[in-house]
Amino acid sequence: MKRSLRAMSALLSLLFVLGTFLCLPAGAEEDASAPPEITHAKGVYLYNLEHEMPLLTYGENEKIYPASTVKIMTGLLAVEALADRMEEKVTITAEMLKNVTGNNIALKAGETVTVKDMLYSALCGGYNDACAVLAHLVGGSQAAFVVMMNDRAAALGAADTRYTNPSGMHHKDMVTTTADTAKIALAAVKLPLYMEITSTAKYIMPATNLSGDRNIYNRNYLIARNKEVIYYYPSARGLNSGSTNEGGYCLVTTAEKSGLSYLCIVMGADEVEGKITSYTLARSLLDWAFSAYGYMTVLDTDRMVCEVPVTLSDKVDYVTLVPETSVVRYLPASINPETDLTYSYNVTSASLAAPVQEGQVAGFITVSYGDEVLSTVNLVAKNEVERSEFLYVLSRIKEFSHSRFFIATLIAAVILTLAYIFGTAVYRYRKQQRHMRFK
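Quick look at the structure, then. Counting restarts for each chain, with residues numbered from 1 along the sequence as it is written. Per-residue local features are limited, in this predicted model, to residues with pLDDT of at least 70; the limit for side-chain atom pairs, both in listing and counting, is 80 or more; totals at the level of whole chains, interfaces and linings are taken over all residues. The side-chain figures draw on all heavy atoms in the structure; neither hydrogens nor water molecules are used.

1. Things to note about the sheet that holds strand β14 (residues 318-323)
Thinking step 1. Spatial strand order, β16-β18-β19-β14-β13-β17: six strands in an open sheet with mixed pairing. Edge positions in the open sheet fall to β16 (342-347) and β17 (352-353), since each of these has one partner strand only.
Thinking step 2. By the convention used here, strands pair only if DSSP detects at least 2 bridges between them. Numbering of helices and strands starts at the N terminus; helices are DSSP runs of H or I of at least 4 residues and strands are runs of E of at least 2. Relative to strand β19 (residues 372-381), strand β18 (residues 361-369) is paired through eight bridges, and the arrangement is antiparallel. Across the sheet, residue serine 368 finds its bridge partner in β19, namely valine 373.

2. Observations regarding unusual backbone geometry
Thinking step 1. Along the chain, glycine 238 connects to leucine 239 via a cis peptide bond; the corresponding omega equals -10°.
Thinking step 2. In this structure, leucine 239 sits in strand β7 (residues 236-244).
Thinking step 3. The omega torsion across alanine 354 and proline 355 is 5°, close enough to zero to call that bond cis.
Thinking step 4. Residue position: proline 355 is located in the loop between β17 and β18.
Thinking step 5. Not every positive phi belongs to a glycine, and glutamate 52 is a case in point at roughly 50°.

3. Some thoughts on the nonpolar core
Thinking step 1. Side-chain atoms within 4.5 Å link the members of a nonpolar core, which is a set of buried Ala, Val, Leu, Ile, Met, Phe, Trp, Tyr and Cys residues. Only protein chains enter the area calculation, which uses a 1.4 Å probe; residues under 20% of their type maximum are buried, those over 50% are exposed, and those in between are partly exposed. Counting residues in hydrophobic clusters, the biggest one holds 61 residues, and the most contacted among them are Leu107, Leu119, Tyr163 and Tyr194.
Thinking step 2. Tallying contributions element by element places helix α2 (residues 70-82) first for this core, with eight residues.
Thinking step 3. Contacts are assigned to residue pairs with any non-hydrogen atoms lying within 4.5 Å of each other. In this view, tyrosine 194 contacts Lys71, Ile72, Gly75, Leu76, Val79, Leu123, Ala188 and Leu239; residues no more than four positions away in its chain are not counted.
Thinking step 4. Leu55, Leu251, Val266 and Trp288 belong to the second largest nonpolar core, which has 31 residues in total.

4. Looking at the packing of aromatic side chains
Thinking step 1. For Phe, Tyr and Trp, where Trp contributes only its six-membered ring, two rings pair if their centres lie within 6.5 Å, and the inter-plane angle classes them as stacked under 30 degrees, edge-to-face over 60, or tilted in between. Taken as a whole, this structure holds eight aromatic pairs when the rule is applied.
Thinking step 2. Between tyrosine 120 and tyrosine 203, the aromatic rings sit 4.2 Å apart at their centres with planes inclined by 15°, giving stacked as the arrangement. Of this pair, tyrosine 120 sits in helix α3 (residues 115-124) while tyrosine 203 sits in strand β5 (residues 202-205); the two residues are 83 residues apart in sequence, bridging distant segments of the chain. The same class applies to tyrosine 120 and to tyrosine 203, which are both buried.
Thinking step 3. Taken together, a centroid distance of 6.1 Å and an interplanar angle of 65° make the contact between tyrosine 295 and tyrosine 330 edge-to-face. Here tyrosine 330 lies in strand β15 (residues 327-332) and tyrosine 295 lies in strand β12 (residues 293-299), a separation of 35 residues in the sequence.
Thinking step 4. A residue is classified by how much of its surface remains accessible, and tyrosine 295, at 41% relative accessible area, is partly exposed.
Thinking step 5. Among the aromatic side chains, those forming a connected cluster through ring pairs are Trp288, Tyr293, Tyr295 and Tyr330.
Thinking step 6. Remark: a charge is flagged as sitting over a ring if the NZ atom of Lys or the CZ atom of Arg is within 6 Å of the ring centre and within 35 degrees of the ring normal. Lying across the ring of tyrosine 343, arginine 303 places its NZ or CZ 4.0 Å from the centre.

5. A short note on the pattern of salt bridges
Thinking step 1. Salt bridges are defined as contacts in which a side-chain nitrogen from Lys or Arg sits within 4 Å of a carboxyl oxygen from Asp or Glu. Tallying each qualifying case throughout the model produces five salt bridges.
Thinking step 2. With its nearest N and O atoms 2.8 Å apart, the salt bridge here joins glutamate 111 to arginine 214. Of the two residues, glutamate 111 sits in the loop between β3 (89-91) and β4 (112-114) while arginine 214 sits in strand β6 (residues 214-217), which places them 103 residues apart along the sequence.
Thinking step 3. When the shortest N-O distance is used, the salt bridge between lysine 172 and aspartate 173 registers 3.3 Å.
Thinking step 4. Look at lysine 172 and you get exposed, because its relative accessible area is 59%.
Thinking step 5. Relative accessible area serves as the criterion here: at 38%, aspartate 173 is assigned to the partly exposed category.

6. Comments concerning the packing of α2 against helix α4 (residues 128-139)
Thinking step 1. In contact at an axis separation of 10 Å, α2 and α4 are set at 45° when each is read in the N-to-C sense. Regarding the angle of α2 to α4, the classification is oblique. Two packed elements cross with a definite hand, and for α2 against α4 that hand is left-handed. The segment α2 lies against α4, with Lys71, Thr74, Leu77, Ala78, Ala81 and Leu82 engaging Asn128, Cys131, Leu134, Leu137 and Val138.
Thinking step 2. Residues were grouped as follows: Ala, Val, Leu, Ile, Met, Phe, Trp, Tyr, Cys and Pro as nonpolar; Asp, Glu, Lys and Arg as charged; and all remaining residues, including Gly, as polar. Considered class by class, the residues forming the contact of α2 with α4 number eight nonpolar, two polar and one charged. Note on method: axes are straight lines fitted to C-alpha atoms, helices fitted across the in-contact stretch only, with angles between N-to-C directions ranging 0 to 180 degrees. Oblique is the label for every angle not falling under 35 degrees (roughly parallel), over 145 degrees (roughly antiparallel), or within 65 to 115 degrees (roughly perpendicular). When the near helix sits turned anticlockwise from the far one by under a right angle, the crossing is termed left-handed; a clockwise turn instead gives a right-handed crossing.

7. Here's the deal with the side chain of threonine 114
Thinking step 1. For threonine 114, the location among the structural elements is in strand β4.
Thinking step 2. Using a relative accessible area of 12% as the deciding quantity, one classes threonine 114 as buried.
Thinking step 3. If we skip the residues at most four places from it in the chain, threonine 114 touches Met86, Glu87, Glu88 and Lys89.

8. Points about the side chain of aspartate 180
Thinking step 1. Along the chain, aspartate 180 turns up in helix α6 (residues 178-189).
Thinking step 2. By the counting rule applied here, Lys and Arg register as positive and Asp and Glu as negative, while His and the ends of each chain are not counted. Despite its burial, aspartate 180 remains without a salt bridge, the nearest opposite charge being carried by lysine 183 at 4.1 Å.
Thinking step 3. Each polar contact in these results corresponds to two N or O atoms within 3.5 Å; when the atoms are within protein, one needs to be able to donate a hydrogen and the other to accept it, and residues that are neighboring in sequence are counted only if both atoms are side-chain atoms. Separated by 2.9 Å, the side chains of aspartate 180 and threonine 161 make a polar contact.
Thinking step 4. Among residues more than four places away in sequence, those in contact with aspartate 180 are Gly157, Ala158, Ala159, Asp160 and Thr161.

Geometric values such as these leave the question of function open.
Here is the structure:
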């Protein structure tokens, strides 16, 4: 019996502990609105494109090796210069391929390709020999093209960026920062052709005079699934991914969903337990951005702001003022509009005289979030109010009776009346005196 009681007591205790765990208050759980922890990366930059607003940065000004992100600048200059020459044929020369190392598509001297082939090979596939060909097509030589790269970086405000080659192969003097990489990426994002090329999962390069068809897969595993499927992110588009031993894993991408798009950059990442953290961290950052921020209605035309007294109406005493337009703003999803936003309003006058038209402006309302003014909108009458003609006539009479003209006229009338009375009295008095003298 005692054993049964002990067993039942233990079971009840276990159920209590489980129930307590399952029923923890929301505050005891991990805050879903908090961004993911930044680990195993030297730099992070998360930026909303529609509102030109950084949401999260980490180590953004630390100088680092750029690795394959160099190809963003290469692609930016190449697309701008060659967008109208996509079908132009190019014959590869030995000079174009001189000193090319690293990842390549095995281009050969004497091979005839198109500009389109080279753009997809360099920007989608990340092949270094195609980058070298583009450098020669745009700049005449790799050295001249590198000068163009550095000049453009300076023009974009990337003051801490220095290029030494168009591919990203490591060089001790080639450095950048995550913030600079964001400035360059934002310029590339504005080029539709660049985004089209770098968002393509697979491009088939047609056979040439020296090679059969080549399958070119995107180096960004958020987009292509030919080698890895665990990193795939359906809404990802562009721009670049790669690595060097010195620069680590680097990823620059965008993602678009529900009317919002973000630029996400992870630089200098590691591989941890077989997973590349540039991808895992980027996925976490983008998931957080899409869930933690969004569009919120902060003012609605149905919101009753205040009531203003109405005169000259025998039907209503007040008219309701509402916002003239609704206001939607991009804000943290955790905001409670009624407690976290500040609403202040002013009316143009203490009362309105009928007739009042529906939509008649009678003041304004301002919505603020902290120190930021989100919007200022006119306040308008929600309903029409008719005028009472009887009250209007009375008001006109009252108004006239208080006018300067009426008062001046009244004073003049009083003066004239007194003068008349006085003159009449004087006349009668004199007439009486004459009558007495002749009597």
